[in-house]
Amino acid sequence: MSPHTKIDTLILSDLHLGSPIGKPKQAYKLLVTYKFKRLILLGDIFDYHANYHKLSTDDLRLLEFIRSLSQQRACEVVWIRGNHDHNRDGGLARFIGSPVHETYMWRHGNKDYLAIHGDQFDAFIDNKSSFNALAHRVFLQLQKMDREGRHLVKLIDYTNAYLRRLSSKIARGAIHQAIKQKADYVFCGHTHIAASRNHRHGDDVIHYYNTGCWTHTPATFAVVDEAGNALLEKFR
């Protein structure tokens, strides 16, 4: 899909603004080159360690642009809470000018779409232990060694997902939630690994997409085109 293509919905997750390996400049370029009716920010927009007062110029420019979109009637901005976004409601709302959602559903054509970050299906991340806090601090130091997210960071994310079978757990949980809420499509983030699969449920098919992240190179995202088809894309 080429830039300037008109689409219905643009979906980004795991920007991790404030992280050494965030890509706010590239995300801004994506937003200004696509034409969309709805922007879904699918959780973990800020990094766990992010300090609002120390965000970069590129972080702030991206956030200001998102806020400007939220003030336009022609574009709906939806912010889904991720596990890194907890206890930041006031700050998030101030930056984008709209509330933060746990999940979000919308309808396009004759199909229903569900957006949810995915940490709800990750029992390990729900355990707010001192081990998790230590792991975040160690990972932060490793990010500084691989600022482009090409090698070390990507290897850690993929190894973590493989050992914990995280991708399959999130997919199963999301598909189950889609069945409960009678959604045809469901979008998640959290794993940092872009993926898609179809699940047959009776006479219906549930389409699952994980939008990946903006801490790897290349960054990945999802779109819903004007015909209602969902596609995974790479930022080039």
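What counts and how
- Residues numbered from 1 in each chain as written.
- Predicted model: local features only at pLDDT ≥ 70, side-chain atom pairs only at ≥ 80, totals over all residues.
- Heavy atoms only, no water.
- Pairing = 2+ DSSP bridges.
- Helix = DSSP H or I, 4+ residues; strand = E, 2+ residues; numbered from the N terminus.
- Expected span 1.5 Å × (residues − 1).
- Buried < 20%, exposed > 50% of the residue type's maximum accessible area, 1.4 Å probe, protein only.
- Core = buried A, V, L, I, M, F, W, Y, C linked by side-chain atoms within 4.5 Å.
- Contact = heavy atoms within 4.5 Å.
- Axes fitted to C-alpha atoms, helices over the stretch in contact; angles between N-to-C directions.
- Salt bridge = Lys/Arg side-chain N within 4 Å of Asp/Glu carboxyl O.

This brings us to the sheet that holds strand S2 (residues 35–41). Taken in spatial order, the six strands make up an open sheet running S4-S3-S2-S1-S10-S11, and their pairing is mixed. Among the strands making up the open sheet, the edge pair consists of strand S4 (100–101) and strand S11 (230–234). With two bridges joining them, strand S3 (residues 76–80) and S4 adopt parallel strand pairing. Bridge pairing in S4 links Trp79 to Val100.

Turning our attention to helix H7 (residues 166–180). Structurally, the α-helix is built with 3.6 residues per turn, so residues lying three or four positions apart point the same way. Given a rise of 1.5 Å per residue, 15 residues ought to cover 21 Å, and the 21 Å separating the end C-alpha atoms of H7 matches this to within 8%. Those residues of H7 not exposed but buried are Leu166, Ile170, Ala171, Gly173, Ala174, Ile175, Gln177 and Ala178. Downstream of H7 by one or two residues, Lys182 has phi in the positive range, about 60°.

Let's shift gears to the nonpolar core. In terms of nonpolar packing, the biggest core is built from 28 residues, with Leu10, Leu12, Leu15, Phe36, Leu39, Trp214 and Phe221 touching the most fellow members. Sorting the residues of this core by element identifies strand S1 (6–12), helix H1 (24–33), S2, helix H2 (57–70), S3 and strand S10 (220–225) as the ones contributing at least two each. Here the element with the most residues in this core is H2; it accounts for four residues. Formed by 15 residues, the second largest nonpolar core is a distinct cluster that contains Tyr104, Tyr209, Ala222 and Ala230.

Of note, Gln177 is situated in helix H7. With near-sequence residues (within four places) excluded, Gln177 lies in contact with Leu114 and Phe121.

The next subject is the sheet that holds strand S8 (residues 195–201). Strand order in the open sheet made by the five strands is S5-S6-S7-S9-S8, with mixed pairing throughout. Edge strands, defined here as strands with exactly one partner in the open sheet, are strand S5 (103–108) and S8. Strand-to-strand, the axes of this sheet are offset by a mean angle of 20°, without reference to chain direction. Alignment of strand S7 (residues 185–188) against strand S9 (residues 204–210), held across four bridges, turns out to be parallel. Paired with Tyr185 across the two strands is His207, which belongs to S9.

With that settled, consider the pattern of salt bridges. In this structure the tally under the stated criterion is four salt bridges. Among the ionic pairs, Glu76 bridges to Arg38, the shortest N-O distance being 2.9 Å. Of this pair, Glu76 sits in strand S3 while Arg38 sits in strand S2, placing them 38 residues apart in sequence. Residue Glu76 is classed as partly exposed on the basis of its relative accessible area of 29%. Given the relative accessible area of 12%, Arg38 is considered buried. Arg81 is the partner of Glu102 in a salt bridge, and the nearest nitrogen-oxygen pair spans 2.5 Å. Here the residue Glu102 occupies a position in the loop between S4 and S5, and Arg81 occupies one in the loop between S3 and helix H3 (89–96), the gap between them amounting to 21 residues.

This part covers the environment of Val32. Note on placement: Val32 falls in helix H1. Put simply, Val32 and Phe65 are 33 residues apart on the chain and 8.8 Å apart in space, counted from C-alpha to C-alpha.

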